[in-house]
Amino acid sequence: MDPECSPRRLLVTGGAGFIGANFVHYWLARYPADRVVVIDLLTYAGNRASLAAIEEHPGFRFVQGDIRDQALVERLLREEAIDILVHFAAESHVDRSIAGPDAFIDTNILGTHALLKAARAVWLAGDAPLPGHRFHHVSTDEVYGSLGQSDPAFSETTAYAPNSPYSASKAASDHLVRAYHHTYGLNTTISNCSNNYGPYQFPEKLIPLCILNLLEGKPLPLYGDGRNIRDWLYVEDHCHGIERILERGRVGETYNIGGDNERTNLQVVETLCGVMDTLRPEDAPHARHIRFVKDRPGHDRRYAIAADKLEYELDYTPMHRFEEALATTIHWYISHETWWRPILNGEYREWVGSHYGSGCAASPG
Ligand code: NAD
Ligand code: DAU
């Protein structure tokens, strides 16, 4: 893909989800002349309100639709003359994959395959492939499994060892993407990223869950001993990494994206509590709300990312420091209650009730 060749025409799957919405904002702010078409089914995790600020942008179009609908995707690729597909749409929550894996197989594996078939049918039809086309698949570091305390971080050559139905479904989708490049010559790239945080994240995930619980004076549930380790990356840095891969990445390649920010879950939640102590000293210490609860089955102990390939090959470095970006994220949730309150009042309540029982997660106010 030639970065000078603007305007570009992107199809973004899952653009009403957390990272997809951040990516759409990021992209149109930098490349306002580009066309960005979002396809999103608006499952429980999709939220049109996350795109409200760019609904009127002349280059933006929203289509409510299913990535498993190959005919719809082919039609969009043709009528919008799309040359870049950025694939975020997925079932993304590990705990839900443990409670009910079927949706993860359907969306993450069959959905990705439907997209690949559509891209092949449109971009590789006839004698010559569409020049400069790109299928970018957004994946996760969880495909590599779990690390011990002193193991080296995951690199792009680490063997796949997914442990949850979620990560297994993402691993399968990665393999399909790879196979469509190798077999049919589709121009693909894959990124495997660590844990994201930032605006518009659905409150089932650790950081927004704990922010909302802190705002509501509710317990902060930590699985097991709270010492599982994740590598945290501010979502804007993830978008920046994907931008670099789209503009300079080599087709057929995989790139890891990470924040070089390993923290135990306990450290993350204590940091959140520290920020809240400053903002609301009258309620300090907020850490008194921490509760250790039953562990997640098969809970991966540690993830860590070696992102040297992205850094050296594509000149990428994350821009945000964890403590600052976490404080920014807390401020965003404080000032966007109109975004999250309807979620707490909606079907999310059922998930909270069935997963945590009473008392351990934010509930409607
Ligand atoms: P999310 O759950 O917030 O959003 C997923 C979006 O996909 C929602 O808008 C949903 O409506 C949409 N969707 C689901 N099924 C669909 C279907 N069949 N057709 C069309 N749209 C559908 O997810 P997220 O956290 O933004 O993650 C986005 C991608 O990034 C996922 O592929 C995930 O595996 C990957 N990823 C996430 C993280 C993270 O920390 N959140 C880290 C690394 C990789
Ligand atoms: O590593 C990338 C992955 O990060 C993405 O592929 C997934 O889509 C994304 O959901 C995320 O997966 P995790 O399982 O790591 O994220 P989650 O926020 O659910 O949990 C983070 C850590 O916090 C994990 O060790 C489990 C723990 N946790 C989570 C919840 C929801 C708790 O201790 N208590 C909780 O209530």
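This text goes with the structure placed above it.
Here is a short report on the structure shown in this document. Note that the coordinates shown come from a computational prediction; the quantities given were computed from them, not determined experimentally.

In terms of regular secondary structure, the protein chain is built from twelve helices and twelve strands. For 365 residues, the compact-globule estimate of 2.2 N^0.38 gives 21 Å, and the protein chain sits close to it at 20 Å. Here the protein chain holds 365 residues, and 56% of them are scored as buried. Across the protein chain, contacts joining residues at least 24 apart in sequence account for 81% of those joining residues at least 6 apart. Accessible surface, the protein chain: about 14700 Å² in total, of which carbon and sulfur atoms supply 50%.

Attention now goes to the nonpolar core. Ranked by internal contacts, the top residues of the largest apolar core, which has 38 residues, are Y197 and Y348. Sorting the residues of this core by element identifies α6 (206-215), β8 (220-223), β9 (229-234), α8 (265-279), α10 (322-335), α11 (337-345) and α12 (348-356) as the ones contributing at least two each. Look past the residues within four positions of Y348 in its chain and what remains in contact with it is R96, F202, P203, E204, L209 and I343. I19, A21, F88 and I245 belong to the second-largest nonpolar core, a separate cluster that totals 34 residues.

Around ligand 2, 25 residues are found, and the nearest of them are T140, D141, Y166, R296 and Y356. Backbone polar atom of P221 to a nitrogen atom of ligand 2: 2.9 Å apart, as the coordinates give it. Between Y223 and ligand 2, the recorded distance is 2.8 Å, taken from a backbone N or O atom to an oxygen atom. For ligand 2, whose free accessible area comes to 680 Å², the fraction covered by protein is 95%. When contributions to the shell around ligand 2 are tallied by element, the ones reaching two or more residues are α3 (94-99), α6 and β8. With three residues, the top contributor of residues to the shell around ligand 2 is β8. Each residue belonging to the shell around ligand 2 can be placed in one class, and the counts come to ten nonpolar, eight polar and seven charged.

We now examine the site of ligand 1. In the vicinity of ligand 1 lie 29 residues, with I19, D40, S92, Y166 and K170 positioned nearest. Within the side chain of Y166, one N or O atom sits 2.6 Å away from an oxygen atom of ligand 1. N196 places a main-chain nitrogen or oxygen 2.9 Å from an oxygen atom of ligand 1. Its free accessible area being 840 Å², ligand 1 has 97% of it covered by the protein chains. Elements supplying a minimum of two residues to the shell around ligand 1: α1 (18-30), β5 (134-140), α5 (165-184) and β7 (195-197). Per-element accounting of the shell around ligand 1 gives the leading share, three residues, to β5. Partitioning the shell around ligand 1 into residue classes produces 13 nonpolar, twelve polar and four charged.

Rules of the game
Residues numbered from 1 in each chain as written. Chains lettered and ligands numbered in written order. Predicted model: local features only at pLDDT ≥ 70, side-chain atom pairs only at ≥ 80, totals over all residues. Heavy atoms only, no water. Helix = DSSP H or I, 4+ residues; strand = E, 2+ residues; numbered from the N terminus. Rg over C-alpha atoms; globule rule 2.2 N^0.38 Å. Buried < 20%, exposed > 50% of the residue type's maximum accessible area, 1.4 Å probe, protein only. Contact = heavy atoms within 4.5 Å. Areas by Shrake-Rupley, 256 points an atom, 1.4 Å probe, with all protein chains shown as cover. Core = buried A, V, L, I, M, F, W, Y, C linked by side-chain atoms within 4.5 Å. Near = heavy atom within 4 Å. Polar contact = N/O pair within 3.5 Å; in protein donor to acceptor, adjacent residues only side chain to side chain. Nonpolar A, V, L, I, M, F, W, Y, C, P; charged D, E, K, R; others polar.

Geometric values such as these leave the question of function open.
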